[in-house]
Amino acid sequence: MVAPKDPKHPQKDQMIVILGPTATGKTTRAVDLARYLDGEIISGDSRQVYRGMDLGTGKDLEEYEGVAYHLIDICEAGEKYNLHRFVSDFHNALSDINSRGKRPILCGGTGMYIETVLSGIILPEVPVNQELRERLEKLSLPELTDILKRYKKLHNTTDVDTVKRAVRAIEIEEFYRQNPEQATAADRTHSRPLDSVIIGIDIPRDKRRERISRRLHSRLEKGMVMEVENLINSGVPPENLIYYGLEYKYLTLYVIGKLSYQEMVRELEIAIHQFAKRQMTWFRGMERRGFKIHWLPYDLSHDEFIAQSVSIMNGEKPQGLSV
């Protein structure tokens with residue numbers, strides 16, 4: 001199928017979203033659409049913001065080839081980027097893209113980041129509560145998890161991956177409890193959702209696992225271990241890299257001698273497969289929460305993907321697909 005020559009595109013400021021689990025080729029698809037629609041890409045990945053963390057986060061910068069991108073390499077490795085900063089940075093990038101008449105395309109796999117900005121939620125700056133932190137940091141992760149469950153239903157495990165994350169999550173919830181007007185501002189029922197078209201990259205589980213494994217070994221061959229060694233040698237504390245999870249957690253544990261190479265590869269591969277499953281759980285949750293995701297097969301040709309995407313953007317049912 002050949003992409004239409006002159007499609008009737010929707011309004012310029014409509015957000016296009018390309019999402020899906022890791023290793024499904026989201027970047028390639030977003031770049032294809034950006035070239036076709038004269039667009040620019042906003043990264044919706046929580047770790048691609050860090051400079052020097054390239055192979056581990058799968059930036060694949062060589063794929064952009066002249067297509068402008070935003071929210072990649074915007075802070076130093078070792079910093080603690082968060083959802084609040086992402087929402088602010090996202091809206092700055094979106095305004096910039098729209099001001100120049102370009103098409104904004106949000107691409108990534110961090111479901112919480114993507115859903116938050118699409119919901120139009122306004123997040124207040126939650127200050128540090130030092131007294132609360134000192135009390136909470138003495139508790140175990142299971143104890144912190146139980147405390148957080150008293151504040152809200154846990155839809156994912158991101159908030160309780162580490163003690164630091166759990167403490168911060170409780171700190172935020174306690175701030176909202178003490179400041180109900182701020183909680184109201186952050187409540188989706190009071191938000192103004194962005195006008196968006198969401199396209200998901202659909203891939204069978206066995207193919208996803210195959211691509212994840214192949215991609216992991218390719219990145220190891222390209223020097224992912226050296227990337228972590230360079231970060232540590234540049235002064236980034238190992239515990240900060242471990243905080244980022246996945247590749248940086250297991251590679252750092254290997255570099256500092258806590259895991260053998262074989263243990264690192266095996267445990268990391270398992271962790272990435274589990275991460276991809278959690279990503280899909282979040283996206284399915286988004287659908288239950290009212291977001292329409294148009295799923296397109298991962299193995300469409302370039303022209304088929306463009307044609308199907310444009311049909312979706314124009315409110316039409318893509319030919320041959322039950323979406």
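Attention in this report is confined to the structure presented alongside it. (Residues numbered from 1 in each chain as written. Predicted model: local features only at pLDDT ≥ 70, side-chain atom pairs only at ≥ 80, totals over all residues. Heavy atoms only, no water.)

Looking at the overall build of the protein chain
Item 1. Check the secondary structure of the protein chain and you find 13 helices and eight strands.
Item 2. Looking at the protein chain as a whole, 49% of its 323 residues are labelled buried.
Item 3. Accessible surface, the protein chain: about 15,900 Å² in total, of which carbon and sulfur atoms supply 49%. (Helix = DSSP H or I, 4+ residues; strand = E, 2+ residues; numbered from the N terminus. Buried < 20%, exposed > 50% of the residue type's maximum accessible area, 1.4 Å probe, protein only. Areas by Shrake-Rupley, 256 points an atom, 1.4 Å probe, with all protein chains shown as cover.)

Brief notes about the sheet that holds strand E2 (residues 39-43)
Item 1. Read across the sheet, six strands follow the order E4-E2-E6-E1-E7-E8 without closing on themselves; strand pairing throughout is parallel. Of all strands in the sheet, those with a lone pairing partner are strand E4 (69-70) and strand E8 (293-297), marking the two edges.
Item 2. Here E2 pairs with strand E6 (residues 103-108) via five bridges, running parallel. If you follow Ile41 over to E6, its bridge partner there is Ile105.
Item 3. Along the sheet face, helix H1 (residues 26-37) touches strand E1 (15-19), E2, E6, strand E7 (196-202) and E8 and points at about 175° away from the line of E6.
Item 4. Sheet strands in contact with helix H3 (residues 111-119) are E1, E6 and E7, and its direction is about 160° off that of E1. (Pairing = 2+ DSSP bridges. Contact = heavy atoms within 4.5 Å. Axes fitted to C-alpha atoms, helices over the stretch in contact; angles between N-to-C directions.)

Quick look at the pattern of salt bridges
Item 1. Per the stated rule, a full pass over the model turns up 18 salt bridges.
Item 2. A salt bridge links Asp38 to Lys102; the shortest N-O distance between them is 2.9 Å. Pair noted here: Asp38 is in the loop between H1 and E2 and Lys102 is in the loop between helix H2 (83-99) and E6, with a separation of 64 residues, a long-range link.
Item 3. Here Asp38 falls in the partly exposed class, since its relative accessible area comes to 39%.
Item 4. Measuring nitrogen to oxygen at the nearest pair gives 3.3 Å for the salt bridge that ties Glu210 to Arg214. A residue pair is termed a helical-turn pair when its members lie 3 or 4 positions apart in one helix, as Glu210 and Arg214 do in helix H8 (residues 205-222) at four residues.
Item 5. Through salt bridges that share partners, Glu40, Asp96 and Arg100 make up one connected network. (Salt bridge = Lys/Arg side-chain N within 4 Å of Asp/Glu carboxyl O.)

Some details on the pairing of E6
Item 1. The element E6 is extensively covered by neighbouring structure, given that six of its six residues are classed as buried.
Item 2. Alternating residues of E6 divide into Arg103, Ile105 and Cys107 and Pro104, Leu106 and Gly108, and every residue in both groups is buried.
Item 3. Sheet topology note: the E1/E6 ladder contains four bridges and is parallel. Each bridged residue has a counterpart across the sheet, and for Ile18 the counterpart in E6 is Cys107.

A short note on the packing of helix H11 (residues 246-255) against helix H12 (residues 261-288)
Packed helices, taken two at a time, are described by the angle their axes make and the gap between the axes.
Item 1. Contact geometry of H11 with H12 gives a least axis separation of 9 Å together with a crossing angle of 170°. Viewed along their axes, H11 and H12 adopt a mutual orientation that is roughly antiparallel. When you trace H11 past H12, the crossing you get is right-handed. On H12, the residues touching Leu246, Glu247, Tyr250, Leu251 and Tyr254 of H11 are Tyr261, Met264, Glu267, Leu268, Ala271, Ile272 and Phe275.
Item 2. Split into classes, the residues belonging to the contact of H11 with H12 amount to ten nonpolar, no polar and two charged. (Parallel < 35°, antiparallel > 145°, perpendicular 65-115°, else oblique. Left-handed = near helix turned anticlockwise from the far one by under 90°. Nonpolar A, V, L, I, M, F, W, Y, C, P; charged D, E, K, R; others polar.)

Concerning the pairing of E8
Item 1. With four of its five residues buried, E8 lies for the most part within the structure.
Item 2. Across five bridges, the pairing between E7 and E8 is parallel. Each residue of the ladder has a partner; that of Gly200, found in E8, is Trp295.

What to know about the environment of Ile293
Item 1. Within the secondary structure, Ile293 is located in strand E8.
Item 2. Note on Ile293: relative accessible area 3%, which makes it buried.
Item 3. Apart from residues lying up to four places away in sequence, Ile293 is in contact with Leu19, Ile198, Ile199, Gly200, Phe283, Met286 and Glu287.

Overview of the packing of H1 against helix H13 (residues 302-313)
Item 1. As a packed pair, H1 and H13 sit with axes 10 Å apart at the nearest point and diverge in direction by 70°. Considering their axes alone, H1 and H13 lie roughly perpendicular with respect to each other. Considering the relative orientation of H1 and H13, their crossing is right-handed. Counted together, Arg29, Asp32, Leu33, Tyr36 and Leu37 of H1 and His302, Phe305, Ile306, Ser309, Val310 and Met313 of H13 form the full contact between these two elements.

Details of the nonpolar core
Item 1. Grouped together as the largest cluster of nonpolar side chains are 60 residues, with contacts concentrated most on Leu19, Ile42, Phe90, Met264 and Met286.
Item 2. The element contributing the most residues to this core is H12, with ten residues. (Core = buried A, V, L, I, M, F, W, Y, C linked by side-chain atoms within 4.5 Å.)

Some points on H3
Item 1. In terms of burial, H3 is largely enclosed, as eight of its nine residues are buried.
Item 2. Tucked inside the fold, the buried residues of H3 contact E1, H2, E6, E7 and H12.
Item 3. Looking one or two residues beyond H3, the residue adopting positive phi is Gly120, at roughly 80°.

Focus on the side chain of Asp32
Item 1. Take Asp32: it is sitting in helix H1.
Item 2. Salt bridges are absent for the buried Asp32, whose nearest opposite-charge side chain, Arg35, sits at 4.5 Å.
Item 3. Those residues in contact with Asp32 that sit more than four places away from it in its chain are His302 and Ile306. (Lys, Arg positive; Asp, Glu negative; His and termini not counted.)

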